[in-house]
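Coordinate inspection notes
Below are the chains, spelled out letter by letter.
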There are 2 protein chains.
Amino acid sequence: MKEKIKLGMIGFGGRGRGILKDILVPRDTVEVVAVCDVYEDRAKQACDIVTDAGKPAPKIYLDYKEVIADEDVDTVIITTSWENHINLACECMEAGKPVGVEVGGAYSIDDCWKLVRTYERTGTKCMILENCCYGRYELLTTNMVRKGLLGKIVHCSGGYCHDLRDEITFGRENRHYRLRNYLNRNCENYPTHELGPIAKLLGINDGNRMVSLTSTASKAEGLYDYIAQNEKADKSLLDRTFNQGDIVTTVIKCAGGETIVLTLDTTLPRFYSRGFTVRGTRGMYEEATNSVFLERDTTESDHFNWKAHWGNAEEYLKEHEHPIWKDYLEEGVIGGHDGIDWLVYGAFIDAICNDYDFPIDVYDMAAWMAITTLSEESIACGSKPVAIPDFTNGMWIERNKNINPKYAL
Amino acid sequence: MKEKIKLGMIGFGGRGRGILKDILVPRDTVEVVAVCDVYEDRAKQACDIVTDAGKPAPKIYLDYKEVIADEDVDTVIITTSWENHINLACECMEAGKPVGVEVGGAYSIDDCWKLVRTYERTGTKCMILENCCYGRYELLTTNMVRKGLLGKIVHCSGGYCHDLRDEITFGRENRHYRLRNYLNRNCENYPTHELGPIAKLLGINDGNRMVSLTSTASKAEGLYDYIAQNEKADKSLLDRTFNQGDIVTTVIKCAGGETIVLTLDTTLPRFYSRGFTVRGTRGMYEEATNSVFLERDTTESDHFNWKAHWGNAEEYLKEHEHPIWKDYLEEGVIGGHDGIDWLVYGAFIDAICNDYDFPIDVYDMAAWMAITTLSEESIACGSKPVAIPDFTNGMWIERNKNINPKYAL
């Protein structure tokens, strides 16, 4: 039991700065004692965010090893580029400091095993900070599934459908890691929205597990066309080849027989969507139309009355709002991304202060991040099916976890 | 050139009877001279449909060979169970009689080759009567794509999302072929809605082709649960095992680099949808929300204004309605499935009477129907990628066709 964490934070691109300002500094359970970025300007910006809020200035580091070694730091949050997430998380665990890591994908299966083995050897906790696990409609659906309203679940789909062409192509000046990834890799590079909520709903690593996947990438046309037509874009990129396909479709099979379809969709024009869809023997939820379709509430004529259900999920909130969101709405929703950042960081800090297990643990993190490198393998080999390792070594069949009900997914 | 076809029609389950009554009998370019079904009651029902409309009674046959051999018959339409489509079509071509075949999937690749080789040897035309190719919004989108409004197309998706649990489980009494297929097979058993319109839009067999696919099936829970909970259902089916997974996801890669995601979704509760979606470098169409999202018509703020676009495709009809539908609306929309049956059968009869090529030809038919047996192979082998044969033997790269512009897709 502790009242607050003494936080060291590493990586201050846009996400790191936003989280620091809106989610961590305002929280009285957090004392920011050290900030770090390889770019000095960013480290100083982070320091300013803390002092501008009237809090004591944190130490500024350019080398992450100094944050982890700092005896004043008891907890670390990593918001660096994707490539460093696992290495840094492991170094924190080696130092005995619980660590929270922003979302991303893995570059090798060996790295995922390293993550798990380091946790098992050190006993230090590690959490991937997947905010979408706390999405309001994801949790509404989860709650309805737990009540049995959708029957047996047989299929889920979701994705990261977000037009990032501006962020990626402007990225060179902006030192954004996405650009180098899109130029060189071809994979489901950002799987955890919406795999996180789906995995929790299907009991992945807790009675179920992901067994295999195939992954297929479309050609890459979106970024090239965007750069060609956009005056502000860096035209030198027109001489480069983007390896990353515009749409990557990954189909996952689970031990329980369920299928999951994940879509990466970030380089074509579109409105934002996570496309969360859950299909059961008694009903469905579909994010595209924000609709619930329950057998018990519908008749044959509803099957072809195809606009009638649009937006009706809001009505189901009255009776089936998830307890996490019921409490949250009463307490008042705070911060970015419709309030879900506040919840996931709250879950992280609460578990450290009150000695709970993380609601999203190192096995979840390894399994979810592994999808990236496995999809890369599948695409490279003509969409061949690849096995998904069981990072729990059989523990998934029966798990005992001590999770604070306030944050349990 | 001929004024009317002398039609023999084989197979009078629900679909055959509906097409006869609503689409063929009312048409003055059709003289129904023979009807056939292995069940005598159905053959007689078909005859009654014709005479009830005040037309001369057609001959009644129980053996399809007699229809094909009948010298009064110059054209055949096949609306039998899936298993017989290709064999019957080939026998018609051997007899020199143009043939139209209702939609379904193939049971072997060899059968698809037989279809193509029989056509090439006999020169007799064969068309798969895929009504969804003439869907209003499919054609709206196709028209916008042809005008370049969506940019380069990189990805499409669609499916057959139709709760058929009643039809399948009631099917035993009803002699419906779906039941035996769902009990015994596991595949994308009904691919042509929505593959047909997507294939036409992507120029499959006309400058493009489908190269490979993977297919993954969820477990089969929907029919079992439906039978268990439904009083009217045949409870003896609870002792059987349904092989057909509830949701089958098939991912197709095209020579042009495009991907197509097809979904079979027929045994879980849901509203009807064909989920037609087209993604290009400059815009998209999405059937789920019946929306068009064009880069030129949107700004950054529209990306998160996620309900704003729902239903806006109707506005785009004003300027971009496909010429086929513009004419059709002026002439007056007729018959089933929102009028698309009338159009596809019209295209078939018109090409025979006026000596045009079919807008959907035997190569399309082979390629589309092959998806069923290839998906069966992929699922049986753990979602392995399988190559899709080039049934045109290279002709797809450059095709010359003489299609009536009135029906050209």
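Along each chain, numbering runs from 1 in the same order as the chain's sequence is written. Note on labels: chains are lettered from A, ligands numbered from 1, in written order. Selection of residues for local features in this predicted model requires a pLDDT of at least 70, selection of side-chain atom pairs for listing and counting requires 80 or more, and totals for whole chains, interfaces and linings are taken over all residues. Each side-chain value is worked out from all heavy atoms of the structure, with water and hydrogens disregarded.

Side note on the overall build of chain A
Going by this rule: Under the scheme used here, helices are H or I runs from DSSP no shorter than 4 residues and strands are E runs no shorter than 2 residues, and both carry numbers assigned from the N terminus. Just to be clear, the radius of gyration here is over C-alpha atoms, and the globule rule we use is 2.2 Å times residues to the power 0.38. A simple rule labels every residue: compare its accessible area, found with a 1.4 Å probe on the protein chains alone, to the largest value its type can have, and call it buried under 20%, exposed over 50%, or partly exposed in between. By definition, residues are in contact when any of their heavy atoms lie within 4.5 Å.
The secondary structure content of chain A amounts to 15 helices and 14 strands. In terms of overall size, chain A behaves like a compact globule, its C-alpha atoms giving a radius of gyration of 21 Å where 409 residues would be expected to give roughly 22 Å. In terms of principal-axis extent, the alpha carbons of chain A reach across some 65 × 55 × 40 Å. Relative to its 409 residues, chain A shows a buried fraction of 63%. Restricting the contact set of chain A to residue pairs at least 6 apart, pairs at least 24 apart contribute 77%.

Overview of the environment of Ile68(B)
Residue and element names in this part refer to chain B. Among the secondary structure elements, Ile68 is positioned in helix 3 (residues 64-69). Given a relative accessible area of 7%, Ile68 falls into the buried group. Separated by 222 residues in the primary sequence, Ile68 and Asn290 place their C-alpha atoms 43 Å from one another. If we ignore the near neighbours within four places in the chain, the residues touching Ile68 are Ile10, Leu88, Glu91, Cys92, Ala95 and Lys97.

Concerning the interface of chain A and chain B
Here is the rule: The quantity reported as buried area is the accessible area (1.4 Å probe) lost by two parts once they are put together, taken as the sum for both. Only one rule defines a salt bridge in this text: a Lys or Arg side-chain nitrogen within 4 Å of an Asp or Glu carboxyl oxygen. Polar contacts, as used here, are pairs of N or O atoms within 3.5 Å; protein pairs need one atom able to donate a hydrogen and one able to accept it. Residues neighboring in sequence count only if both atoms are side-chain atoms. Three classes are used, and their members are as follows: Ala, Val, Leu, Ile, Met, Phe, Trp, Tyr, Cys and Pro are nonpolar, Asp, Glu, Lys and Arg are charged, and the others, Gly among them, are polar.
Chain A puts 60 residues into the contact, and the matching count from chain B is 60 residues. Each partner contributes to the roughly 5100 Å² buried at the junction of chain A and chain B, and carbon and sulfur atoms together form 60% of this total. Along the contact surface separating chain A from chain B lie twelve salt bridges. The salt bridge partner of Arg165(A) is Glu295(B), with a shortest N-O separation of 2.4 Å. Joining chain A to chain B, the criterion identifies 22 residue pairs in polar contact (both at pLDDT 80 or more). Breaking the side of chain A that touches chain B down by element, the ones donating at least two residues are strand 7 (153-161), strand 8 (210-217), helix 11 (222-229), strand 9 (247-254), strand 10 (259-265), strand 11 (277-280), strand 12 (283-286) and strand 13 (291-294) of chain A. Taken together, the residues of the side of chain A that touches chain B sort by class into 18 nonpolar, 22 polar and 20 charged.

Some remarks on the domain arrangement of chain A
Residue and element names in this part refer to chain A. Our working definition: Each domain's extent is set by a domain assignment, obtained either automatically or from a database.
Here chain A is partitioned into domain 1 (5-131) and domain 2 (133-322 + 362-397). At the interface, 29 residues of domain 1 touch 30 residues of domain 2. Three residues stand out in domain 1 for area buried against domain 2, namely Trp82, Ile128 and Glu130, and they jointly supply 25% of the buried area on that side. Here Glu83 and Arg180 are joined by a salt bridge, their closest N and O atoms 2.7 Å apart.

Brief notes about the sheet that holds strand 4 (residues 75-78) of chain A
Residues and elements named next belong to chain A. How we decide: Each pair of strands is called paired provided DSSP finds at least two bridges between the two strands. For helices, the fitted axis covers only the stretch in contact; all axes are lines through C-alpha atoms, and the angles between them, taken along N-to-C directions, range from 0 to 180 degrees.
Across the sheet, six strands lie side by side as 3-2-1-4-5-6; this open sheet has parallel pairing. At either margin of the open sheet sits one strand with a lone partner, and together these are strand 3 (59-61) and strand 6 (126-128). The mean angle between the axes of side-by-side strands here comes to 25°, regardless of whether they run parallel or antiparallel. Bridging between strand 2 (residues 30-36) and strand 3 involves three bridges; their strand directions are parallel. Along strand 3, the bridge assignment pairs Val35 with Ile60. The strands that helix 2 (residues 40-52) touches are strand 2 and strand 3; relative to strand 2, the one it contacts most, it runs at about 160°. Across the sheet, helix 14 (residues 340-353) is in contact with strand 1 (5-10), strand 2, strand 4, strand 5 (99-101) and strand 6; its angle to strand 4 comes to roughly 160°.

So, the relation of the copies chain A and chain B
Quick note on the threshold: We place the copies in one frame by least squares, fitting the C-alpha atoms of every residue whose pLDDT is at least 70 in both.
Its rotation angle being 180°, the transformation that places chain A on chain B also includes 0.0 Å of axial translation and leaves an RMSD of 0.0 Å. Each copy turns onto its partner about a two-fold axis. The C-alpha atom lying nearest the rotation axis in chain A is that of Lys384(A); the distance is 2.8 Å. Mapped onto chain B, 100% of the interface residues of chain A again fall at the interface, so both copies present the same surface.

Digging into helix 11 of chain A
Buried within helix 11 of chain A are the following residues: Gly222(A), Leu223(A), Asp225(A), Tyr226(A) and Ile227(A). Buried positions along helix 11 of chain A lie against helix 7 (165-169) and helix 9 (177-184) of chain A.

Some points on the packing of aromatic side chains
Residues and elements named next belong to chain B. Using the following cut-off: Classification of ring pairs rests on two measures: the distance between centres of Phe, Tyr or Trp rings, Trp counted by its six-membered ring, which must be within 6.5 Å, and the angle between planes, read as stacked under 30 degrees, edge-to-face over 60 and tilted in between.
Per the stated rule, a full pass over the model turns up 25 aromatic pairs over all chains. A ring pair is formed by Tyr134 and Tyr407, whose centres lie 6.5 Å apart and whose planes are at 80°; its orientation type is edge-to-face. Here Tyr134 is found in the loop between strand 6 (126-128) and helix 6 (136-146), whereas its partner Tyr407 is found in the segment after strand 14 (386-387), with 273 residues between them in sequence. Here the two residues Tyr134 and Tyr407 agree in accessibility, since each one is buried.

Concerning the pattern of salt bridges
This structure, assessed with the given rule, holds 58 salt bridges over all chains. Members of the salt-bridge network, linked through shared partners, are Lys152(A), Glu258(A), Lys219(B) and Glu221(B).

Quick look at the pairing of strand 10 of chain A
Residue and element names in this part refer to chain A. Of all the seven residues making up strand 10, seven are buried; the element is thus mostly covered by neighbouring parts of the structure. What you see with strand 10 is no split at all: Thr259, Val261, Thr263 and Asp265 on one side and Ile260, Leu262 and Leu264 on the other are buried throughout. In the sheet, strand 7 pairs with strand 10 via seven bridges, with the strands oriented parallel. Its bridge partner being in strand 10, Cys156 is matched across the sheet by Ile260. Turn length for the strand 9-strand 10 hairpin, with the two strands adjacent in sequence and antiparallel, is four residues, and the turn residue Gly257 shows positive phi of about 90°.

Structural notes on the confidence of the model for chain A
Under the convention used in this document: How sure the predictor is of each residue is captured by pLDDT, a score from 0 to 100.
Looking at chain A as a whole, the pLDDT averages 96, with 99% of positions reaching at least 70. Scored as a whole, the predicted complex attains pTM 0.97, and scored at its interfaces, ipTM 0.96.

Overview of the sheet that holds strand 11 of chain A
Residues and elements named next belong to chain A. If you trace the eight strands from one edge of the open sheet to the other, you get 13-12-11-7-10-9-8-14, paired in mixed fashion. The strands lining the two open edges of the sheet, one partner per strand, are strand 13 and strand 14 (386-387). Sheet analysis places strand 9 next to strand 10, joined by seven bridges and oriented antiparallel. Paired with Val251 across the bridge in strand 10 is Val261. Contacting strand 7, strand 8, strand 9, strand 10 and strand 11, helix 10 (residues 192-201) crosses the sheet at an angle of about 160° to strand 7.

What to know about unusual backbone geometry
The omega torsion across His193(A) and Glu194(A) is 15°, close enough to zero to call that bond cis. Following the sequence through the fold, Glu194(A) ends up in helix 10. Within the chain, Ser383(A) stands out as a residue other than glycine whose phi angle is a positive 65°. Of note, Ser383(A) is situated in the loop between helix 15 (362-380) and strand 14. If you check the backbone angles, Asn205(B) has positive phi at about 70° while not being a glycine. By the element assignment, Asn205(B) lies in the loop between helix 10 (192-201) and strand 8 (210-217).

Let's talk about the packing of helix 6 of chain B against helix 10 of chain B
Residues and elements named next belong to chain B. The line we're drawing: In these notes the angle categories are as follows: under 35 degrees is roughly parallel, over 145 is roughly antiparallel, 65 to 115 is roughly perpendicular, and the rest is oblique. Handedness of each helix crossing follows the sense of rotation of the near helix against the far helix: counterclockwise by less than a right angle gives left-handed, clockwise gives right-handed.
Where helix 6 meets helix 10, the closest approach of the two axes is 10 Å, and the angle between their N-to-C directions is 15°. Taken together, helix 6 and helix 10 sit at an angle that is classed as roughly parallel. In this structure, helix 6 crosses over helix 10, and the sense of that crossing is right-handed. Residues Glu138, Thr141, Thr142, Val145 and Arg146 of helix 6 touch helix 10, and the partners they reach there are Glu194, Pro197, Lys200 and Leu201. For the contact of helix 6 with helix 10, the per-class residue count stands at three nonpolar, two polar and four charged.

Quick look at empty space enclosed by the protein
The following threshold applies: Grid spacing is 1 Å over the protein atoms alone, the probe is 1.4 Å, and a cavity is where that probe fits but cannot get out, while a pocket is an open set with protein on both sides within 12 Å along at least five of seven lines and lining residues have an atom within 4 Å of a point. Grid points are joined across faces, edges and corners, and a volume is the space filled by probe spheres set on the points.
All told, the structure shown has eight cavities of 30 Å³ or more when counted by the stated rule. Quantified by volume, the largest cavity comes out at close to 910 Å³. Along the walls of the largest cavity sit 45 residues, with Ser157(A), Thr277(A), Ser157(B), Gly275(B) and Thr277(B) positioned nearest its centre. Approximately 70 Å³ is the volume attributed to the second largest cavity. Taken together, the residues that form the lining of the second largest cavity break down as seven nonpolar, two polar and two charged.

A word on helix 4 (residues 85-94) of chain A
All names here are of chain A. When you tally the buried positions in helix 4, you get seven out of ten residues, the bulk of the element. All of the buried residues along helix 4 are His85, Ile86, Leu88, Ala89, Cys90, Cys92 and Met93. In the segment just after helix 4, Gly96 is the residue with positive phi, at about 75°.

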